[in-house]
Amino acid sequence: QVQLVESGGGLVQPGGSLRLSCAASGSIFRFDDMGWYRQAPGKQRELVLTITSGGRTNYGDFVKGRFTISRDNAKNMVYLQMNSLKPEDTAVYYCWAIRYGNGEFVYWGRGTQVTVSS
């Protein structure tokens, strides 16, 4: 069974940085796209950044150069570097992955809390 496990969340002051990591276990195949979504209290889950196996990225408007994504295809891992964090970035951040085959197979992690507060 494939599992995505996030790490690296926590409490950070405004203007600070965090690096999230996501590791896939139980997977013997490479994901096509991987990335991150987030959900703040009372809001819908939204796209943060995704990256294809070839390195193309897609991102939410709020990223504006503050966040970057990278992946290690060999290890089936994806990372999110977040800089210049703002209180409105406070949310649960979810790792996401998709594999295209006979249909679309979507996987989610359980999430890691990021809190930006002084």
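Summary of the structure given here. (Residues numbered from 1 in each chain as written. Predicted model: local features only at pLDDT ≥ 70, side-chain atom pairs only at ≥ 80, totals over all residues. Heavy atoms only, no water.)

What follows is about the nonpolar core. Ranked by internal contacts, the top residues of the largest apolar core, which has 29 residues, are Trp36, Val48, Phe67, Leu80, Met82 and Tyr93. For this core, the elements supplying multiple residues, two or more each, are β3 (18-25), β4 (33-39), β5 (46-52), β7 (67-72), β8 (77-82), β9 (91-101) and β11 (112-116). Ignoring sequence-local partners within four residues, the contact set of Met82 consists of Gly16, Ser17, Leu18, Leu20, Arg66, Phe67, Tyr93 and Val114. (Core = buried A, V, L, I, M, F, W, Y, C linked by side-chain atoms within 4.5 Å. Buried < 20%, exposed > 50% of the residue type's maximum accessible area, 1.4 Å probe, protein only. Helix = DSSP H or I, 4+ residues; strand = E, 2+ residues; numbered from the N terminus. Contact = heavy atoms within 4.5 Å.)

Within this structure, the stated rule accounts for three salt bridges. In this structure, Arg38 engages Asp89 in a salt bridge whose closest nitrogen and oxygen atoms are separated by 2.9 Å. Of this pair, Arg38 sits in strand β4 while Asp89 is found in the loop between β8 and β9, placing the two residues 51 residues apart along the sequence. You can call Arg38 buried: its relative accessible area is 6%. Under the relative-accessibility criterion, Asp89 is labelled buried at 1%. (Salt bridge = Lys/Arg side-chain N within 4 Å of Asp/Glu carboxyl O.)

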